[in-house]
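Understanding the architecture of this molecule
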Amino acid sequence: MKKNMMLVISSIAVMCLFLTACTGNGATGSSNGNSGITTLKLGYAKCAHCLPMSLTPQYQDKSKVNIQATSFQSGNDVLTALTSKSIDVAQVTYLHFITALDRGLDIVAISGQVNGGSDIIASNKLNLKADDWASLKTLVKQRKADGKPLKIAASRGNAQDIHLRGELQLHGINPNKDIEFVNIANPADHEAALERNEVDLICTVEPSASKIILDKKGKHFAYPYNQAAGNLTNIIVTRSDVIKDHPEAVKAFVEANMKVVDKISADKAPWISVIQKNTGMSSEVSTRALDNAYPDYKMYKSKTLAIAKMMKELKYINTDVSKKVEKQMDYTILESITGKNASELGDN
Amino acid sequence: MNVSQYLKNNYYRIFVPLLLLIIWQFVAQMGWMTNLFPSPVKVARGLADWVFNIDGTAQDKSGKWVFDALNSTKRVLIGYFLASLSAIIIGISIGWSAIIQKTIEPTIQIFRFIPPVSWIPLAIIWFGIGDNPAVFLVFLGAFFPILINTIHGVRSLDINIIHAASMMGATTWQKIKFVVIPSSLPSIFTGMRTSLGTAWMITVTAEMIAVKSGLGYALWDSYYFMRLDLVIAAMISIGILGFLSDWILRIIIRRILHWQQDLLNNK
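Residues numbered from 1 in each chain as written. Chains lettered and ligands numbered in written order. Predicted model: local features only at pLDDT ≥ 70, side-chain atom pairs only at ≥ 80, totals over all residues. Heavy atoms only, no water.

Identification of chain B as ABC transporter permease from Sporolactobacillus sp. Y61 is taken from an unreviewed UniProt entry. Recorded in UniProt for chain B, the comment headed Sequence similarities (unreviewed entry) runs: "Belongs to the binding-protein-dependent transport system permease family." (UniProt positions renumbered as here; feature names shortened; annotations may be inferred.)

Chain A appears in an unreviewed UniProt entry as ABC transporter substrate-binding protein from Sporolactobacillus sp. Y61.

Let us now look at the UniProt feature "domain: ABC transmembrane type-1" (unreviewed entry) in chain B. Look at the UniProt record and you will see "domain: ABC transmembrane type-1" (unreviewed entry) annotated at residues 73-253 of chain B. Helix makes up 84% of residues 73-253 of chain B and strand makes up 0%, while its end C-alpha atoms are separated by 20 Å. (Helix = DSSP H or I, 4+ residues; strand = E, 2+ residues; numbered from the N terminus.)

Here we take up the interface of chain B and chain A. Contact residues are listed per partner, giving 34 residues for chain B and 36 residues for chain A. Interface area, chain B with chain A, both sides summed: about 3,100 Å², of which 60% is carbon and sulfur. By the criterion of area lost to chain A, the three top residues of chain B are Tyr224(B), Phe225(B) and Met226(B), representing 22% of everything that side buries. At the surface where chain B touches chain A, the tally comes to three salt bridges. (Contact = heavy atoms within 4.5 Å. Buried area = accessible area lost by both parts, 1.4 Å probe. Salt bridge = Lys/Arg side-chain N within 4 Å of Asp/Glu carboxyl O.)

Right, let's talk about the packing of aromatic side chains for a bit. As enumerated under the stated definition, the model contains 13 aromatic pairs over all chains in all. Considering the side-chain rings of Tyr225(A) and Tyr294(A), the 6.1 Å spacing of their centres and the 90 degrees angle between planes classify their relative orientation as edge-to-face. Of this pair, Tyr225(A) sits in the loop between strand S11 (218-222) and strand S12 (234-238) while Tyr294(A) is found in strand S13 (residues 293-295), placing the two residues 69 residues apart along the sequence. Note on Trp119(B) and Trp126(B): the rings are 6.1 Å apart at their centroids and 45 degrees apart in plane angle, and the pair reads as tilted. For Trp119(B), a relative accessible area of 10% gives the class buried. Of the residues examined, Trp126(B) reaches a relative accessible area of 46% and is grouped as partly exposed. Members of the aromatic cluster, each reached through a chain of ring pairs, are Phe111(B), Trp119(B), Trp126(B), Phe127(B) and Phe136(B). Sitting above the plane of the Phe181(A) ring, Arg165(A) keeps its charged end 4.2 Å from the centroid. (Phe/Tyr/Trp six-rings, centres within 6.5 Å; stacked < 30°, edge-to-face > 60°. Buried < 20%, exposed > 50% of the residue type's maximum accessible area, 1.4 Å probe, protein only. Lys NZ or Arg CZ within 6 Å of the ring centre and 35° of its normal.)

Moving on to unusual backbone geometry. Residue and element names in this part refer to chain A. Along the chain, glutamate 206 connects to proline 207 via a cis peptide bond; the corresponding omega equals 5 degrees. Residue placement: proline 207 occurs in the loop between strand S10 (201-205) and helix H7 (208-214). Phi at asparagine 127 takes a positive value of approximately 55 degrees, unusual for a residue other than glycine. If you trace the backbone, asparagine 127 turns up in the loop between strand S7 (118-123) and helix H4 (133-145).

Put into structure tokens, the structure is as follows:
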């Protein structure tokens with residue numbers, strides 16, 4: 001009996017050790033022994049708009065910060081790594097930012113990065129002309145009346161999902177009632193769904209959108225940027241403890257990011273190169289994808305609030321995070337670097 | 001036996017999970033874990049709302065647990081049934097016939113090592129979106145353990161029994177029906193139990209693909225919105241349903257293999 005109890009206790013001790021190991025590994029911003037330079041771990045996802053983040057270490061001021069960039073499969077993985085303190089700075093979407101605030105996570109937005117990247121693509125069989133919303137609306141009504149609602153797809157919870165829903169509503173189409181929404185989580189699966197005529201319209205992300213169009217599996221219909229959330233896509237976030245413990249390093253990181261943004265605004269060649277290198281997409285696809293990309297380090301608060309409102313209405317979040325958005329979008333770093341005031345940097 | 005008697009007799013079964021829950025709750029309350037990782041109470045609350053629609057905190061999943069569980073179960077059962085049927089037929093054929101073994105087995109052995117998740121792109125191309133690719137992935141996950149165990153069961157058969165059947169004038173079909181299949185059943189059932197677990201594990205992967213329901217779908221969808229309480233609730237649900245389905249399978253096996261009770265006891 002005593003032997004059995006010892007075995008049980010030993011087993012529980014091992015399980016407790018495992019649980020402890022799962023509880024996060026503490027803040028990662030660290031100073032290099034001799035130089036005293038802080039190392040910041042940066043995480044980003046592998047989309048066309050996110051990949052310029054991999055260039056950030058090339059533009060760092062080595063006397064102030066050492067940036068280590070790591071790519072992740074999705075924005076959710078990046079956000080999880082940031083909040084569990086595996087990384088210090090993360091490039092995520094505005095939706096991730098709002099979601100994290102709703103969950104009560106310690107997350108602070110410090111800079112914009114690249115916006116755009118959403119494209120509504122119509123199936124070839126629809127014969128819709130670009131931006132012909134009147135014809136689309138007629139088609140939606142007709143198909144609804146026939147009992148075969150138009151199938152419109154996006155990746156639920158992505159920026160493209162919000163852009164699509166907002167744009168449909170703007171043109172008098174209720175995405176919850178007038179159409180059949182199809183959730184295809186991985187954008188890489190969008191092309192096959194269009195090709196098989198399983199969906200009629202799809203709002204996807206670059207470079208998948210450009211690939212679909214260049215493969216002639218669908219036609220560009222519209223860029224969904226007229227709705228209240230505009231073309232917002234990516235934002236750079238960190239935790240308050242990172243800002244508190246390493247203010248100069250965080251500032252140096254934002255400076256490096258701004259240099260990247262300025263560089264890729266003027267010359268897209270390094271950006272195209274990094275997309276090809278990381279995604280294996282052709283030069284043609286990469287180049288086309290970047291026509292739908294808008295590098296911008298500003299953070300647009302009113303549009304962010306519009307996204308938060310839409311997410312609340314869609315029940316993607318439980319709470320009204322407006323006050324948290326006001327509080328957790330920190331313009332001070334951008335202000336100190338650019339010399340501009342917050343309203344010039346999007347705080348309006 | 002009443003509840004208190006049952007608990008008295010089986011306290012050791014619940015001791016470890018209960019202790020782990022207490023430790024987990026304690027660690028969470030002390031703030032020793034990242035606040036991304038929910039406490040057991042939060043998970044229980046999320047699960048309760050997912051099942052009973054208590055306060056709507058599970059958002060669009062509130063009250064839809066039964067719907068999700070039934071959809072996952074449906075996909076698992078269809079994939080598992082197809083896998084069992086085909087693996088048993090192919091396994092017996094390979095085990096029985098040297099020619100079939102030489103022609104089919106090497107190819108199958110190559111496919112065996114390809115992870116089901118890597119079939120996702122092909123599953124979408126072949127089966128489109130919706131239930132079919134999910135069923136296909138479950139099928140793939142469940143097929144190989146049954147196949148390997150069936151082949152093993154047939155090959156482990158004492159050749160003298162086959163010779164005896166031949167001497168009594170049994171046809172090939174009679175030998176397979178009355179000798180090979182009954183003798184291989186313990187091995188086949190071992191494979192079926194193993195692959196039932198795999199089938200449930202694959203559900204999470206399978207429901208990444210354009211479905212609107214299911215426990216795996218709920219898990220991924222909750223992760224997109226950082227609802228780790230629901231992620232864990234989905235994991236628990238899959239574990240419970242997997243355990244229940246294995247329990248039912250064990251009852252069926254006991255009925256069929258009534259002459260091998262000793263082998264099945266306490267499994």
